[in-house]
Amino acid sequence: MQRWRGLEDIPQDWGRSVVTIGSYDGVHRGHQLIIGRAVAKARALGVPSVVVTFSPHPSEVVRPGSHPPILAPYDRRAELMAGLGVDALLILPFTAEFSQLSPADFIVKVLVDKLHARAVIEGPNFRFGHRAAGNVDFLRELGATYDYEVEVVDLVERGAAGGGVPFSSTLARRLVAEGDMEGAAEILGRPHRVEGVVVRGAQRGRELGFPTANVETAPHTAIPADGVYAGWLTAGGERMPAAISVGTNLQFDATERTVEAYAIDRVGLDLYGLHVTVDFLAYVRGMAKFDSLDGLLQAIADDVKRARTLTETYDAEH
């Protein structure tokens, strides 16, 4: 899959293409419906498929300080889109100047002059241009002038976790924030993932016999609610069942919120400085402060046992 950062990266000889535009954070099941339709349409027409997205998130430019939690960083989104068969990903720098483009200017500058759109595939609520004034009706109206067709994908598939509402990034973020990892996975189509570099922490887990990887996450990452979770830690291409702790360490009166993963039954792992991923499968329990060290150790042992059972069951079923 080709990756372009800005309109100037698009090859000069780029021909017609099928385009879909959106933030596509999480590349959740609703996004997969739209992107999958764009890929199918492109193949039917014999042209490439292009996903257009923005960096940073438009809300951060239009309303500074309102950046939503990120479900998937750009590299992860690109990986997921490539898996759906997308031919090219265009990441447009979203600046204050760019935000002033009228819907008509956006269509001409991006879809017509650079991507030579043959078709544009969007969801029903797609908005674009200055003050989000453009919608699918306007997109379709200008398609008659600029020779592209518009197809709207009705997101009729609905997630059980959302109580019957359509798949959305907003819903996925809320479920993650609530610690409902099964619900988030229903929306995303896979377990929610957090990634980052392993840094040195207080090393209390090591002293207790349960060494954890302290994962330093990027700003705005969608971190699950405080608690203990079952999931997986992946490092160096190896995926390991894990018990994961999120939050401040109440037992030792810590104040810094962390994501720490204990790779179950693994001895002697040295992950410092490595980029790792943590996939959250299920909530196990809330954070607690115990009356004794023995009470803490017993709780951790129970957490590990529960996490082992949950991950083994999941892997056996998938």
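As the structure is a prediction and not an experimental result, all values here were calculated from the model.

Engineer: Outline the domain arrangement of the protein, supporting the account with residue identities and numerical values.
Structural biologist: When its domains are assigned, the protein resolves into domain 1 (2-152) and domain 2 (191-317). Placing a centre on the C-alpha atoms of domain 1 and another on those of domain 2 gives a separation of 36 Å. Listed per partner, the contact involves 7 residues of domain 1 and 7 residues of domain 2. Together domain 1 and domain 2 conceal approximately 590 Å² of surface at their shared face, both sides included; 54% is due to carbon and sulfur atoms. There are 0 salt bridges connecting domain 1 and domain 2. If you look at where domain 1 meets domain 2, you find 2 residue pairs in polar contact (both at pLDDT 80 or more). Within the side of domain 1 that touches domain 2, the residues separate by chemical class into 5 nonpolar, 1 polar and 1 charged.

Engineer: For the nonpolar core, give the residues involved together with the corresponding values.
Structural biologist: Ranked by size, the top nonpolar core spans 31 residues in total, and within it Tyr229, Leu233, Ile244, Val246, Val278 and Phe280 carry the most contacts. Listed by contribution, the elements that provide at least two residues to this core are helix H7 (169-178), helix H8 (181-188), strand S7 (192-199), strand S8 (213-217), strand S9 (227-235), strand S10 (238-247), strand S11 (258-263) and strand S12 (275-285). The contacts of Val278, once residues within four sequence positions are left out, are His192, Arg193, Val194, Val215, Trp232, Leu233, Ile244 and Ala261. Grouped together as the second largest cluster of nonpolar side chains are 30 residues, Leu101, Phe126, Val136 and Tyr148 included.

Engineer: Please give an account of the pattern of salt bridges that cites residues and values.
Structural biologist: Note that side chains of opposite charge can pair when their charged atoms are close. Inspection of the entire model under this criterion finds 17 salt bridges. Across the pair Arg3 and Asp75 runs a salt bridge, and its minimum N-O distance is 2.7 Å. Of this pair, Arg3 sits in strand S1 (residues 2-5) while Asp75 is found in helix H3 (residues 74-83), placing the two residues 72 residues apart along the sequence. Taking the relative accessible area as the measure of exposure, Arg3 reaches 41% and is therefore partly exposed. Residue classification places Asp75 among the exposed residues on the basis of a relative accessible area of 52%. Salt-bridge contacts for Glu238 lead to Arg266; the nearest nitrogen and oxygen are separated by 2.5 Å. With a gap of 28 residues between them, Glu238 in strand S10 and Arg266 in the loop between S11 and S12 connect regions that are remote in the sequence.

Engineer: Tell me about the environment of Val108, residues and numbers included.
Structural biologist: Positionally, Val108 belongs in helix H5 (residues 103-112). When the C-alpha atoms of Val108 and Thr217 are compared, they prove to be 38 Å apart, with 109 residues separating the residues in sequence. Val108 has contacts with Asp113 and Tyr146, leaving out every residue within four places of it along the chain.

Engineer: Lay out the sheet that holds strand S5 (residues 117-122) with the relevant residues and their values.
Structural biologist: Sheet architecture is open: 6 strands sit in the order S1-S4-S3-S2-S5-S6, paired in parallel fashion. A single partner strand is all that each edge strand has here, and the edge strands are S1 and strand S6 (149-152). If you compare each strand with its neighbour and ignore which way they point, the axes differ by 25° on average. Where H3 meets the sheet, it contacts S1, strand S3 (49-55) and strand S4 (88-93), and its direction lies at approximately 165° from that of S3. Those strands touched by H5 are strand S2 (17-21), S3, S4 and S5, and its axis lies near 130° from that of S2.

Engineer: Please provide a residue-by-residue account of the packing of H7 against H8, values included.
Structural biologist: Running from N to C, H7 and H8 cross one another at 160°; their axes reach a closest spacing of 8 Å. As the angle between them shows, H7 and H8 are arranged roughly antiparallel. Crossing hand, H7 versus H8: left-handed. Within the contact between the two elements, H7 uses Leu171, Ala172, Leu175 and Val176 and H8 uses Met181, Gly183, Ala184, Ile187 and Leu188. In terms of residue class, the contact of H7 with H8 is built from 8 nonpolar, 1 polar and no charged.

Engineer: So what's going on with the sheet that holds S10? Which residues, and what values?
Structural biologist: If you trace the 6 strands once around the closed barrel, you get S7-S8-S11-S10-S9-S12, paired in antiparallel fashion. Neighbour-to-neighbour, the strand axes of the sheet open up by a mean angle of 45°, direction not taken into account. Of the strands in this sheet, S7, S9 and S12 are in contact with H8, which crosses S12 at around 125°.

Engineer: So what's going on with the packing of aromatic side chains? Which residues, and what values?
Structural biologist: A complete count under the given rule lists 12 aromatic pairs for this structure. Grouped by ring-pair contacts, the aromatic residues Phe54, Phe94, Phe98, Phe106, Phe126, Phe128 and Phe138 constitute a single cluster. Directly above the aromatic system of Tyr74 lies the positively charged group of Arg77, at a separation of 4.3 Å from the ring centroid.

Engineer: Just give me the short version of the side chain of His28, but keep the residues and values in it.
Structural biologist: Summarising the element assignment, His28 is placed in the loop between S2 and helix H1 (29-45). With sequence-adjacent residues up to four places away left out, His28 is seen in contact with Phe167, Ser168, Ser169, Ile187 and Leu188.

Cut-offs used in this document
- Residues numbered from 1 in each chain as written.
- Predicted model: local features only at pLDDT ≥ 70, side-chain atom pairs only at ≥ 80, totals over all residues.
- Heavy atoms only, no water.
- Domains from an automatic or database assignment.
- Contact = heavy atoms within 4.5 Å.
- Buried area = accessible area lost by both parts, 1.4 Å probe.
- Salt bridge = Lys/Arg side-chain N within 4 Å of Asp/Glu carboxyl O.
- Polar contact = N/O pair within 3.5 Å; in protein donor to acceptor, adjacent residues only side chain to side chain.
- Nonpolar A, V, L, I, M, F, W, Y, C, P; charged D, E, K, R; others polar.
- Core = buried A, V, L, I, M, F, W, Y, C linked by side-chain atoms within 4.5 Å.
- Buried < 20%, exposed > 50% of the residue type's maximum accessible area, 1.4 Å probe, protein only.
- Helix = DSSP H or I, 4+ residues; strand = E, 2+ residues; numbered from the N terminus.
- Pairing = 2+ DSSP bridges.
- Axes fitted to C-alpha atoms, helices over the stretch in contact; angles between N-to-C directions.
- Parallel < 35°, antiparallel > 145°, perpendicular 65-115°, else oblique.
- Left-handed = near helix turned anticlockwise from the far one by under 90°.
- Phe/Tyr/Trp six-rings, centres within 6.5 Å; stacked < 30°, edge-to-face > 60°.
- Lys NZ or Arg CZ within 6 Å of the ring centre and 35° of its normal.

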